[in-house]
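Topology and contacts: notes
Listed here are the chains, written in short residue letters.
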Amino acid sequence: DTGVSQNPRHKITKRGQNVTFRCDPISEHNRLYWYRQTLGQGPEFLTYFQNEAQLEKSRLLSDRFSAERPKGSFSTLEIQRTEQGDSAMYLCASSSAGEAGAWNEQFFGPGTRLTVL
Amino acid sequence: GQQVMQIPQYQHVQEGEDFTTYCNSSTTLSNIQWYKQRPGGHPVFLIQLVKSGEVKKQKRLTFQFGEAKKNSSLHITATQTTDVGTYFCAGLRVTFGTGTRLTIIP
């Protein structure tokens, strides 16, 4: 399967614990995005990388959230001291970089569903 | 910041009826993308529009980008049960719209 993969698919944790999610993008894609989606809402942008550089972070992203893409391939999203409000589906997507700053189609992974008890 | 609103939020149609969702941005967009998300699934890219007034068709789906590049629409002709899902538009800087959830009454 050459699509975007995410692990784990489901995570249940207790409030206050740290969690880490992994995303493996399509291999030739240099852009990687993280989104959060709650029921009935559209994907909410969190952050994106071009290669290993984190180019943008949402102002909504608290300092408990951190993302890395150390070698420009897979990425991890860590949430520290989880809160019940963090419960959501965390989606990863990848794309190739468009010309002159254009944004190409994004390919989404299946997501990691986080439940904070 | 940029906001992208979609109307309606929900749409229930009889199978065979047409369906339209509208996307409106608070700012001018350089391009717009449309995605479909099936229940329990992840968003899947449908199309990208770039030019003012552009119209693109994919079988029963017609996508339009407004002249001012601040709005867009998706029209589905003769809906089928396979069209069920939520349709999102996405503007520049990875801002997704609020989505229109389409349900089909057989």
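For the structure given in this document, a descriptive report is provided here. Please read these numbers as outputs of a predicted model, since none were measured by experiment. (Residues numbered from 1 in each chain as written. Chains lettered and ligands numbered in written order. Predicted model: local features only at pLDDT ≥ 70, side-chain atom pairs only at ≥ 80, totals over all residues. Heavy atoms only, no water.)

Secondary structure summary: chain B contains zero helices and eleven strands in total. A globule of 106 residues ought to have a C-alpha radius of gyration of about 13 Å, and chain B, at 13 Å, matches this closely. When the backbone C-alpha atoms are referred to their principal axes, chain B occupies close to 40 × 25 × 20 Å. In chain B, buried positions account for 44% of the 106 residues. As displayed, chain B has an accessible area near 5200 Å², and 52% of this comes from carbon and sulfur atoms. Across chain B, the 11 positively charged side chains and the 6 negatively charged ones have centroids separated by 10 Å. (Helix = DSSP H or I, 4+ residues; strand = E, 2+ residues; numbered from the N terminus. Rg over C-alpha atoms; globule rule 2.2 N^0.38 Å. Buried < 20%, exposed > 50% of the residue type's maximum accessible area, 1.4 Å probe, protein only. Areas by Shrake-Rupley, 256 points an atom, 1.4 Å probe, with all protein chains shown as cover. Lys, Arg positive; Asp, Glu negative; His and termini not counted. Charge placed at Lys NZ, Arg CZ, Asp CG, Glu CD.)

Glancing now at the interface of chain A and chain B. Each partner contributes to the interface: chain A provides 17 residues, whereas chain B provides 16 residues. Roughly 1400 Å² of surface becomes buried between chain A and chain B when both sides are summed, with 54% attributable to carbon and sulfur atoms. On inspection of chain A and its partner chain B, the count reaches zero salt bridges. At the surface where chain A touches chain B, the tally comes to three residue pairs in polar contact (both at pLDDT 80 or more). Counting residues per element, the side of chain A that touches chain B draws most heavily on strand β4 (residues 31-37) of chain A, which supplies three residues. Each residue belonging to the side of chain A that touches chain B can be placed in one class, and the counts come to eight nonpolar, six polar and three charged. (Contact = heavy atoms within 4.5 Å. Buried area = accessible area lost by both parts, 1.4 Å probe. Salt bridge = Lys/Arg side-chain N within 4 Å of Asp/Glu carboxyl O. Polar contact = N/O pair within 3.5 Å; in protein donor to acceptor, adjacent residues only side chain to side chain. Nonpolar A, V, L, I, M, F, W, Y, C, P; charged D, E, K, R; others polar.)

Residues and elements named next belong to chain B. When you line up the elements, T20 lands in strand β3 (residues 19-25). With 55 residues separating them along the chain, T20 and H75 place their C-alpha atoms 4.3 Å apart. Discounting residues that sit within four places of it in the chain, T20 has contacts with P8, S73, L74 and H75. A polar atom in the side chain of T20 sits 2.6 Å from the side chain of H75.

Quick look at the sheet that holds strand β8 (residues 75-79) of chain A now. Pairing between the strands of a sheet comes from backbone hydrogen bonds, and it takes one of two forms, parallel or antiparallel. All names here are of chain A. What the four strands build is an open sheet, ordered β1-β3-β8-β7; its pairing is antiparallel. Of all strands in the sheet, those with a lone pairing partner are β1 (5-7) and β7 (65-68), marking the two edges. When the angles between neighbouring strand axes are averaged without regard to direction, this sheet yields 15 degrees. The pairing of β1 with strand β3 (residues 19-24) spans three bridges and is classified as antiparallel. Its bridge partner lying in β3, S5 is registered against D24. (Pairing = 2+ DSSP bridges. Axes fitted to C-alpha atoms, helices over the stretch in contact; angles between N-to-C directions.)

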